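Chain by chain, the residues:
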Amino acid sequence: MDESEVSPMHPPSDEAKRAAGPPGTLTLVATPIGNLGDMPARGIAVLAAVDAVLCEDTRVTAKLAARHGLAPSLIALHEHNEDAMTPRLLARLASGERLALVSDAGTPLVSDPGYRFVRSAIAAGHRVTAVPGPSAALAALAVSGLPPAPFLFLGFLPPRAGARRARIAELARWEAAGLAATLLLFEAPRRLGALLADLADVFGAARPAAVARELTKLFEEVARGTLGNLARRYAEATPRGEIVVVVGPGAGEAAADDAAVEQMLRAALARGLGVRDAAAEVAAATGRPRRDVYARALRASGRE
Ligand code: SAM
């Protein structure tokens, strides 16, 4: 038994054993993101039945389990011991033990530990399954009022201003290349104002956005608006609690199409075509309205 393990109080029932799947199964169990009533019922059955629960912080998981009358064997699995623990945990699965993996809150692996271990368990041929449930990112997306698909989950951006701005600039390049997705970001309250200001600088103050704070908790709040007005709002007062930032999609394909049209026009002009002929050729090739392409050709030729 691992040093950080705590023994169970009750042997699991047959029904609970079924919930944990066949021998050698690893189950990823989502847990509440604030409201304890959100614990999935099947997740409770799995925690009751497995041989051990892998968790970020044994104290947090012990408390959650105790609320449901459980005291499972707990093993700490976090960023700093994941690689060292993986061979031992794989051996336990290979011996037929059933394991569960939880994080302190929400869906395991989503900006939480476990990915490297799960990848190894899959590679070793173990059955990996999930009890889905709370997820701050998806809850924020759903309540944001912004397009739900496609979306791009970015987790936390780098905390330092330079690296954060570089990452946002990279996203802007992806948008210029055609990405048109709603963006989901986690952020700490003390950096929210700076993040929104950087996003507004790069994506424009008018870009629709939402800040979802303390979801499922007593002081839940969803502020919907633009990057500009949200940046102003949170520059004035640092909020408390946990936060997801949702940014509406950019022009994406339309912007990329514009860039492609302009490139074709420059190439046609460089071949010696006049503005009218270049516009006619590109309008025919792209199906874009002649008038729009002609106006762009005038600009590209420097005659406007
Ligand atoms: N795995 C978790 C999930 O699926 O929701 C996310 C873990 S990540 C370490 C924690 C971050 O998620 C917080 O800093 C915050 O950005 C976001 N978060 C977690 N709970 C939240 C809540 N109740 N309301 C808003 N954001 C939350």
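Residues numbered from 1 in each chain as written. Predicted model: local features only at pLDDT ≥ 70, side-chain atom pairs only at ≥ 80, totals over all residues. Heavy atoms only, no water.

What about the overall build of the protein?
At step 1: Counting secondary structure elements, the protein contains 12 helices and 10 strands.
At step 2: The globule rule puts the C-alpha radius of gyration for 304 residues at 19 Å, and the 26 Å found for the protein is more than 25% above it.
At step 3: Summarising its shape, the C-alpha atoms of the protein cover approximately 85 × 45 × 35 Å along the three principal directions.
At step 4: Within the protein, residue pairs in contact and separated by at least 24 positions form 71% of the contacts whose partners lie at least 6 positions apart.
At step 5: Taking the 35 positively charged and 33 negatively charged side chains of the protein as two groups, their mean positions are separated by 5 Å. (Helix = DSSP H or I, 4+ residues; strand = E, 2+ residues; numbered from the N terminus. Rg over C-alpha atoms; globule rule 2.2 N^0.38 Å. Contact = heavy atoms within 4.5 Å. Lys, Arg positive; Asp, Glu negative; His and termini not counted. Charge placed at Lys NZ, Arg CZ, Asp CG, Glu CD.)

So, the domain arrangement of the protein
At step 1: According to the domain assignment, the protein consists of domain 1 (3–134), domain 2 (137–247) and domain 3 (258–301).
At step 2: Contact with domain 2 buries surface across domain 1, with Ile-33, Val-110 and Ser-111 losing the most and accounting together for 72% of the total.
At step 3: Linking domain 1 to domain 2 there are 1 residue pair in polar contact (both at pLDDT 80 or more).
At step 4: A class-by-class count of the residues in the side of domain 1 that touches domain 2 yields 2 nonpolar, 3 polar and 1 charged. (Domains from an automatic or database assignment. Buried area = accessible area lost by both parts, 1.4 Å probe. Polar contact = N/O pair within 3.5 Å; in protein donor to acceptor, adjacent residues only side chain to side chain. Nonpolar A, V, L, I, M, F, W, Y, C, P; charged D, E, K, R; others polar.)

Comments concerning the packing of aromatic side chains
At step 1: For the structure shown, the criterion picks out 2 aromatic pairs.
At step 2: Between the aromatic rings of Phe-153 and Phe-186, the centroid separation amounts to 5.2 Å while the plane-to-plane angle is 70 degrees, which identifies the pairing as edge-to-face. Note that Phe-153 is positioned in strand β6 (residues 151–156) and Phe-186 in strand β7 (residues 182–187), a separation of 33 residues in sequence.
At step 3: Through a chain of ring-to-ring contacts, the aromatic side chains of Phe-153, Phe-156 and Phe-186 assemble into a single cluster. (Phe/Tyr/Trp six-rings, centres within 6.5 Å; stacked < 30°, edge-to-face > 60°.)

Some thoughts on the sheet that holds β6
At step 1: Reading across from one edge, β6-β7-β10-β8-β9 is the order of the 5 strands in this open sheet, with mixed pairing throughout. Strands at the two margins of the open sheet, each flanked by one partner only, are β6 and β9 (221–226). Strand-to-strand twist in this sheet, taken as the mean axis angle between neighbours without regard to direction, amounts to 15 degrees.
At step 2: Pairing analysis gives 6 bridges linking strand β8 (residues 208–213) to β9, with the strands arranged antiparallel. In the strand pairing of β9, Ala-210 is matched with Arg-224.
At step 3: Taken strand by strand, helix α8 (residues 189–203) contacts β7, β8 and β10 (243–247), and its axis lies near 10 degrees from that of β10.
At step 4: In the packing of helix α9 (residues 227–236) onto the sheet, the strands contacted are β8, β9 and β10, and the crossing angle to β9 comes to about 130 degrees. (Pairing = 2+ DSSP bridges. Axes fitted to C-alpha atoms, helices over the stretch in contact; angles between N-to-C directions.)

So, the environment of Glu-79
At step 1: In this fold, Glu-79 is placed in the loop between β3 (74–76) and α4 (82–94).
At step 2: Counting along the chain gives 107 residues from Glu-79 to Phe-186, while the straight-line C-alpha distance between them is 18 Å.
At step 3: Beyond its immediate sequence surroundings of up to four residues, Glu-79 is in contact with Pro-113 and Arg-116.

What about the site of the ligand?
At step 1: Around the ligand lies a shell of 19 residues, among which Thr-107, Asp-112, Ala-136, Leu-215 and Ile-243 are the nearest.
At step 2: Note that an oxygen atom of the ligand is positioned 2.8 Å from one of the backbone N or O atoms of Thr-107.
At step 3: Take Ala-136: an N or O atom from its main chain is 2.7 Å from an oxygen atom of the ligand.
At step 4: Taking 570 Å² as the accessible area of the ligand by itself, protein coverage stands at 90%.
At step 5: Placement of the ligand is best described as lying within the largest pocket.
At step 6: Listing elements by their share of the shell around the ligand, those giving two or more residues are β7 and β10.
At step 7: By residue class, the composition of the shell around the ligand is 10 nonpolar, 4 polar and 5 charged.
At step 8: Counting contributing residues, the shell around the ligand receives three or more from each of domain 1 (3–134) and domain 2 (137–247). (Near = heavy atom within 4 Å. Areas by Shrake-Rupley, 256 points an atom, 1.4 Å probe, with all protein chains shown as cover. 1 Å grid on protein atoms, 1.4 Å probe; cavity = no way out; pocket = protein on both sides within 12 Å on 5 of 7 lines; lining within 4 Å. Sits in = over half its atoms within 2 Å of the grid points.)

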